[in-house]
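Residue-level structural notes
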Amino acid sequence: MTHNVAVTTEPTTPLWRDTTLDHETRADALIAEMTLQEKVAQLFGVWVGASDEGGEVAPHQHEMEEAVDFEALLPHGLGQLTRPFGTAPVDPALGALSLLRTQRRIAAGNRFGIPAVAHEECLAGFAAWGATAYPVPLAWGATFDPALVRRMARAIGQDMRSVGVHQGLAPVLDVVRDARWGRVEETMGEDPYLVGTLGTAYVQGLESAGIVATVKHFVGYSASRAGRNLAPVGMGPRECADVMLPPFEMALREGGARSVMHAYTDTDGVPSAADEQLLTGLLRDTWGFTGTVVADYFGVGFLKTLHGVAATWGEAAGAALTAGVDVELPTVKAFGQPLLDAVADGKVSEAVVDRALRRVLVQKAQLGLLDTGWDAVPRALAGADLGDPQALRGTVVLDTADRRALAREVAEQAVVLLRNDGTLPLTRPARIAVVGPTADTATAVLGCYAFPVHVGQRHPEVPAGLELPTLVESLRAEFPGSEVVTAPGCGIDDTGTGGFAEAVELARGADVVVLALGDRAGLFGRGTSGEGCDADSLALPGVQEQLLNTLLDTGTPVVLTLLAGRPYALGRAVRESAAVVQSFFPGEEGTPAIAGVLSGRVAPSGRLPVSIPNGPGAQPSTYLAPRLGQVNGVSNIDPTPAFGFGHGLTYTSFDWSDLTVERATVRTDGEAELAFTVRNSGDRDGTEVAQLYLHDPVASVVQPVQRLIGFVRLALAPGQAARVRVTVPADLASFTGRDGRRIVEPGELELRLGASGTDLRLTAKVTLTGPVRAVDHTRRLHADFGVTTR
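What counts and what doesn't
- Residues numbered from 1 in each chain as written.
- Predicted model: local features only at pLDDT ≥ 70, side-chain atom pairs only at ≥ 80, totals over all residues.
- Heavy atoms only, no water.
- Helix = DSSP H or I, 4+ residues; strand = E, 2+ residues; numbered from the N terminus.
- Rg over C-alpha atoms; globule rule 2.2 N^0.38 Å.
- Buried < 20%, exposed > 50% of the residue type's maximum accessible area, 1.4 Å probe, protein only.
- Polar contact = N/O pair within 3.5 Å; in protein donor to acceptor, adjacent residues only side chain to side chain.
- Contact = heavy atoms within 4.5 Å.
- Core = buried A, V, L, I, M, F, W, Y, C linked by side-chain atoms within 4.5 Å.
- Pairing = 2+ DSSP bridges.
- Disulfide = S-S within 2.5 Å.
- Expected span 1.5 Å × (residues − 1).
- Axes fitted to C-alpha atoms, helices over the stretch in contact; angles between N-to-C directions.
- Salt bridge = Lys/Arg side-chain N within 4 Å of Asp/Glu carboxyl O.
- Phe/Tyr/Trp six-rings, centres within 6.5 Å; stacked < 30°, edge-to-face > 60°.
- Lys NZ or Arg CZ within 6 Å of the ring centre and 35° of its normal.

Moving on: the overall build of the protein chain. Of the regular secondary structure elements, the protein chain holds 22 helices and 28 strands. The globule rule puts the C-alpha radius of gyration for 790 residues at 28 Å, and the 27 Å found for the protein chain is close to it. Projected onto its principal axes, the C-alpha positions of the protein chain cover 110 × 70 × 55 Å. Expressed as a percentage of its 790 residues, the buried residues of the protein chain come to 62%.

This is the structure in structure tokens:
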């Protein structure tokens, strides 16, 4: 007799779901099961906006692209969701619910159950309604404080991750070459070491919160001709290697950034998005980068429409993929049907698609998006009743007291005191006249990527979602015993002087004038600073300099206070003002920070990350100029700055002394050692930023007169001294030689120590001996500082 026995078997877990395997093995297993259309679907994003009612996201209709049929895409899967929080004002809790529901729908809609990566801008904080607006990156540069930038970035990343975001499109690692460029506010300055050090700290903070940091713009975007946005770049290979690339090397090697965004620009005729030597040869084959390369928005399509190196969308897709671009953002265009057709026609290899797909899936595995237990519920909504959207409204707060305190700390450290004739700190003036176009404007503290400016301007009916005290309000709070009167005098870019008379009347009746000048952040010509808001000179916008001169003529002491996105020529204020206080879009706590500096409650400690020009027309110039770029007798244009890189005054004084050089002769693979003492010789607490510059008098390739190779912040009480020991690897003297290799040459060097690039206090002469030595991206990147206080 035969008996039929039912056999039950446990369902087999697919290899790509097996969390005991490495991410690469899981990605390969999934690729083997996917159709071409499913593969390609992982290589693009769709621009969406979260629902303020908690419903699913809706595709964002952008003027640069046709509408997307979201429903038709879902059966094949989806690579990314573009800016669900940063497209329109939405309550954070309802935005998180909207994203959650959409992720569930995406996962349910494709046969593998794979959700999308959600990315957002985070240039000066999470670009979402109600999220903390921190100072812009140029202000981070002014802090010279990597630890503070790291803490800020971690806080930003934690807030993003709490509502379901996976990737942040920051930091910007472009080095300023021409301050007329509108995106100067997004950079951290004009020195590659400063940009690289602070940018690395930002990456470390973001990545420590579980957010994929995206370094950008790779590479050379800020070197565009005439400072015009998205203009061609004419830099040579050594400028690229020695100025533009080091911040990226640092942020990838030391920061662990998992994503790179290509630049819009073309360099010597080759667009970055189609530069295989850059995106594959250098980035991956040489540096060993294994993360994803994402397109700057519409950058793949620009290969056809702007650069003219592709005749069709399919050719654009093939050129970008072959070069090394893995993900098309912000929405599907070339990587959609045109790419499918190009593969079908044999014009693009499916192996190139698989290469990009593997990187995308490895990153999704790292984020837990391929795990069996993946849950769409973000931390902010854990335990909440998801069936009652309106009960969720207001339950997720992204601008808490501790976040505001952190924003204030960054803002306070970023204020730079440029000039002071002794008027500051103010001592209980009876009447303060606060004059100028940024005096009583709440958004004057925000850069172009802060949500109230970037998105909120299109929704005037929606409140800003943040407390943004104006400078007038903060001064009234700071000086409760003073009468504070105000008048704008003019608008940011006004051409008329009709408001001058009122401003003059207030100034003449006041003990001191706080003159608030600067910029209006915006996009594509709608501001005086920001993306697409380039300047034809570094004169203050509109009639602001005329207002300045008119108020100087009154005889009342004028404290010029700048809320700006770039450095401007300050005319007579450099010599005639009572004081000059520079602030680069300092964020929501910026005006209390400025008021604190004016009162003396805050000890100024910021230093210039960019030089302040002496005149409006000496651009492009940079402190990294070689001898021929300095003032000389063969040109009538003097590029000497009014205030140089690294400059910043305090309310105390510091003495520098006792320089010792313990190793003055070292081999080209060795390290020099020196020590010096800094003492607070004044009667107030203060912070000195000790800066180390390298001067190479004779080299086989023309070098900058000096360049920053290290710095340390020294917070000292009156009478307190710090003994600083510095170990300087010879690697820091390396540069790109004539044959394109990075080398360290024997010869004489000067290690210059000072309070700024124009205020040098001590000089150590060092001799490098031995052969010319080739180094690469594994070279040592930092001098080591040790500080003992007494």
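Turning our eyes to something else, we now look at the side chain of Thr292. One can find Thr292 in strand β10 (residues 292–294). Polar side-chain contacts of Thr292 include one of 3.0 Å to the side chain of Gln363. Sequence-distant contacts of Thr292, that is, excluding residues within four places in its chain, are made with Arg258, Ser259, Val260, Arg284, Asp326, Arg359, Val360 and Gln363.

Quick look at the nonpolar core now. Judged by nonpolar contacts, the single largest core of 230 residues is most densely connected at Phe126, Tyr202, Phe218, Phe335, Leu515, Leu551 and Leu570. Dropping the residues within four chain positions of it, Phe126 is found in contact with Phe85, Glu120, Glu121, Ala131, Thr132, Ile156, Asp159, Met160, Val163, Val165 and Leu398. Listed in part, the 32 residues of the second largest apolar core include Val666, Val726, Ala733 and Val744.

Let's shift gears to the side chain of Asp399. With respect to the helices, strands and loops of the structure, Asp399 is situated in the loop between α15 (389–392) and α16 (401–414). A distance of 2.7 Å separates the side chain of Asp399 from the side chain of Thr132, its partner in a polar contact. Side chain to side chain, Asp399 and Arg404 meet in a polar contact 2.9 Å long. Discounting chain neighbours no more than four positions away, the residues touching Asp399 are Gly130, Ala131, Thr132, Arg404, Leu466 and Glu588.

A few words on unusual backbone geometry. Look at the link from Ala170 to Pro171: it is a cis peptide, with omega at 10°. Structurally, Pro171 is set in the loop between β5 (167–168) and α7 (192–208). Of the consecutive residues Phe218 and Val219, the connecting peptide bond is found in the cis state with omega at 0°. Relative to the helices and strands, Val219 resides in the loop between β6 (212–218) and α8 (237–244). Unlike most non-glycine residues, Arg428 shows phi in positive territory, near 45°. Summarising the element assignment, Arg428 is placed in the loop between β11 (416–420) and β12 (431–435). The exposed category is assigned to Arg428, whose relative accessible area is 77%.

Here eight strands make up an open sheet; going across it, the order is β2-β1-β3-β4-β5-β6-β7-β10 and the pairing mixed. Of all the strands in the sheet, just β2 (58–59) and β10 have a single pairing partner and so form its edges. Inspection of the sheet shows strand β7 (residues 259–262) paired to β10 by three bridges, in the parallel sense. From the neighbouring strand, Met261 faces β10, where its bridge partner is Val294.

Within the sequence span of helix α20 (residues 544–552), burial applies to Gln544, Leu547, Leu548, Asn549, Leu551 and Leu552. If you follow the buried residues of α20, they end up packed against β12, α19 (500–508), β14 (512–518), β15 (558–564) and α21 (573–576).

This part is about the pairing of β7. Along β7, one buried face is formed by Ser259 and Met261 and the opposite face, lined by Val260 and His262, is buried too. Across three bridges, β6 lies against β7 in parallel orientation. Residue pairing in the sheet places Val215 in a bridge with Val260 of β7.

Looking now at the pairing of strand β20 (residues 686–695). Within β20, ten of the ten residues are buried, leaving the element largely enclosed by the surrounding structure. Here β20 shows a buried face lined by Gly686, Glu688, Ala690, Leu692 and Leu694 and a second buried face lined by Thr687, Val689, Gln691, Tyr693 and His695. Bridge analysis of β20 against strand β21 (residues 707–716) gives nine bridges, and the strand direction is antiparallel. Looking across to β21, one finds that Val689 is bridged to Arg713. Pairing geometry for β20 and strand β25 (residues 747–756), over five bridges, is antiparallel. Bridging across to β25, Gln691 finds its partner in Gly754.

The subject of this paragraph is the state of the cysteines. In a disulfide, the sulfur atoms of two cysteines are held together by a covalent bond. Evaluated as defined, the whole model comprises zero disulfides. Looking at Cys490, it has no disulfide partner, and the nearest cysteine sulfur is the one in Cys533, 18 Å off. Cysteine Cys533 is unpaired, with the sulfur of Cys448 as its nearest cysteine sulfur at 7.2 Å. Take Cys533: its relative accessible area is 2%, and that puts it in the buried class.

The next thing to look at is helix α14 (residues 350–366). Spanning 17 residues, α14 covers 24 Å between terminal C-alpha atoms, matching the ideal 24 Å at 1.5 Å per step. Burial in α14 covers these residues: Val352, Val353, Ala356, Leu357, Arg359, Val360, Leu361, Val362, Gln363, Lys364 and Ala365. Sitting at the amino-terminal end of α14 is Ser349, which places a side-chain oxygen 3.0 Å from the backbone nitrogen of Ala351. One or two residues past the end of α14 sits Gly368, with phi positive at roughly 85°.

It is worth spelling out the sheet that holds strand β18 (residues 665–667) at this point. Pairing in this open sheet of five strands is mixed, and the strands run β18-β26-β25-β20-β21 from one edge to the other. The open sheet is flanked by β18 and β21, the only strands paired with a single partner. Each strand axis lies, on average, 30° off the axis of its neighbour in the sheet, ignoring direction.

Let us now look at the pattern of salt bridges. Enumeration according to the criterion identifies 45 salt bridges in this entry. One salt bridge in this structure joins Lys39 and Glu350, with 2.8 Å as the shortest N-O distance. In this pair, Lys39 sits in helix α2 (residues 36–41) while Glu350 sits in helix α14, placing the two residues 311 residues apart along the sequence. Of the residues examined, Lys39 reaches a relative accessible area of 6% and is grouped as buried.

How two aromatic rings sit relative to each other is set out by the distance from centre to centre and by the angle between their planes. Following the criterion strictly, the structure yields 16 aromatic pairs and no others. Judged by centre distance (5.8 Å) and plane angle (85°), the ring pair of Trp16 and Phe112 falls under edge-to-face. Pair noted here: Trp16 is in the segment before α1 (23–33) and Phe112 is in the loop between α4 (92–109) and β4 (117–120), with a separation of 96 residues, a long-range link. The exposure classification of Trp16 matches that of Phe112, with both residues buried. The ring of Tyr449 carries the charged tip of Lys216 above its face, separated from the ring centre by 6.0 Å. Across from the ring centre of Trp313, 4.6 Å away, lies the NZ or CZ of Lys304, which sits over that ring.

Distances and angles like these do not, on their own, reveal function.
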